[in-house]
Amino acid sequence: MKTRITEILGIEYPIIQGGMAWVATYQLAAAVSEAGGLGLIGAGGAPASFVREQIQKAKELTDKPFGVNIMLMNPEADEIAKVIVDEGVKVVTTGAGNPAKYMEMWKAAGVKVIPVVASVALAKLMERGGADAVVAEGTESGGHIGSTTTMALVPQVVDAVSIPVIAAGGIADGRGFAAAFMLGAEGVQLGTRFVVASESIVHEKYKAMLIKAKDIDSAVTGLSTGHPVRSIRNKMTKEYLKLEKEGADFMELEKMTLGSLRKAVVEGDVVNGTVMAGQIAGLVKKEQPCKEIIDEIMSEGMELLNKTF
Ligand code: TUI
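Let me sum up the structure you'll find in this document. In this text the structure is predicted, and so the values were computed from the model without any measurement. (Residues numbered from 1 in each chain as written. Predicted model: local features only at pLDDT ≥ 70, side-chain atom pairs only at ≥ 80, totals over all residues. Heavy atoms only, no water.)

Moving on, we get to the overall build of the chain. Across its full length, the chain carries 14 helices and eleven strands. Computed over the C-alpha atoms, the radius of gyration of the chain is 18 Å, within 12% of the 19 Å expected from 2.2 N^0.38 for a compact globule of 309 residues. By principal-axis analysis of the C-alpha atoms, the chain measures approximately 50 × 45 × 40 Å. In the chain, buried positions account for 53% of the 309 residues. Positive and negative side-chain charges of the chain, numbering 32 and 37 respectively, have mean locations separated by a distance of 3 Å. (Helix = DSSP H or I, 4+ residues; strand = E, 2+ residues; numbered from the N terminus. Rg over C-alpha atoms; globule rule 2.2 N^0.38 Å. Buried < 20%, exposed > 50% of the residue type's maximum accessible area, 1.4 Å probe, protein only. Lys, Arg positive; Asp, Glu negative; His and termini not counted. Charge placed at Lys NZ, Arg CZ, Asp CG, Glu CD.)

Structure, rendered in structure tokens:
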């Protein structure tokens, strides 16, 4: 399958693995790239030195292109932006902000730049700034989210820009893949499905919680702070939402979430930690290798796209 995304990125299948903080390590990124998709290392809140090591380790595991996702609220975002150029990373995606100030440096170094956007306005701004593509991410996603659904967002972004659009949010199988293409997307980005991949280093209790999760098991915290985050409902989200309802101040709420994703991913504390996941978690049924996930999505997706009614 050929789309502008496979061409620009030099990959076999238009499937991108989300750059999830703590989850998207070099092991996962390399496995997805080896399987013909685009793997991403998620910089999350990590220091630049850690991101550099991750990039170097990924290079040892694969000769295929992979990328790095920069979470723009990271205090070391400026340094990480430079590490990407230094290490010759081919693709960068950005989340949770506007990457305009790095665009010139990345473009000059030949890095493909793909900002994640949750609105038409930001998509247009990114296109004007020189982005090679955008990920239009709906509110069904896990982690930091916008408010528009994938179904509504993707076709509106497709109509508003001429660069290719990658759909994200609520996609986990061949049906979601086919639906995204029907909306005009030329690629898809999946997060939740790859969290439970065999190559994903997240704690087994985190994987088990996603595999058990149903359609309505996620909650959105942080609406009052302007940084909404979707995760699986647990003691942590209950307490956070209670404090939010009581009108707790920003610093008090922030203190609660500090280190909470690490707690769930690394320590397996899925009670007091933050178990970020998308609304599609109910569709994620088992742990499998990245190659199997990608092959399954491609065969099911292509069959649907070729079907005539
Ligand atoms: O970034 C994400 N998802 C994330 S980041 C993350 S790390 C984190 N941990 C705890 C609290 C907060 C974050 C976990 N998941 N997705 C991409 C995305 N970006 N979704 C929405 C946006 C976005 C939101 C606002 C992009 C831009 C924006 O504002 C633009 C501006 O002009 O500032």
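Now for the packing of helix α2 (residues 26–34) against helix α3 (residues 48–61). For the pair α2 and α3, the least separation of the axes is 9 Å and the interaxial angle reads 35°. In this structure, α2 meets α3 at a crossing whose hand is right-handed. Here Y26, A30 and E34 of α2 lie close against α3, whose contacting residues are Q54, K57, A58 and L61. (Axes fitted to C-alpha atoms, helices over the stretch in contact; angles between N-to-C directions. Left-handed = near helix turned anticlockwise from the far one by under 90°. Contact = heavy atoms within 4.5 Å.)

Ordered by their spatial adjacency, three strands build an open sheet running β7-β11-β10, and the pairing between neighbours is antiparallel. Taken across any chain shown, the strands that pair with only one partner, and hence form the sheet edges, are β7 (143–144) and β10 (218–221). As defined by bridge partners, β10 adjoins strand β11 (residues 229–232) across four bridges and the pair is classed as antiparallel. Bridged to S218 within β11 is I232. The strands touched by helix α11 (residues 235–245) within the sheet are β10 and β11, with β10 carrying the most contacts at an inclination of about 35°. (Pairing = 2+ DSSP bridges.)

Turning our eyes to something else, we now look at the site of the ligand. Around the ligand sit 13 residues in total, of which A96, G97, V116, E137 and H144 are the nearest. Contact distances for the ligand include 2.9 Å between a nitrogen atom and a backbone N or O atom of H144. Looking at side-chain class alone, the shell around the ligand contains seven nonpolar, five polar and one charged residues. (Near = heavy atom within 4 Å. Polar contact = N/O pair within 3.5 Å; in protein donor to acceptor, adjacent residues only side chain to side chain. Nonpolar A, V, L, I, M, F, W, Y, C, P; charged D, E, K, R; others polar.)

Here we come to the packing of α11 against helix α12 (residues 250–257). Close contact between α11 and α12 brings their axes to 11 Å; oriented N to C, the two are set at 175°. By the criterion of interaxial angle, the relationship of α11 to α12 is roughly antiparallel. The segment α11 lies against α12, with M236, E239, Y240, L243 and E244 engaging E252, L253, M256 and T257. Residue classes in the contact of α11 with α12 are distributed as five nonpolar, one polar and three charged. (Parallel < 35°, antiparallel > 145°, perpendicular 65-115°, else oblique.)

A few words now on helix α10 (residues 204–212). Turning to α10, its buried residues number three or more, namely Y206, K207, M209 and L210. Relative to the axis of α10, the buried residues are bounded by an arc of 160° and lie together on one face. Facing away from the buried surface of α10 by more than 90 degrees, the exposed residues are E204 and K212. (Arc of directions from axis to C-beta.)

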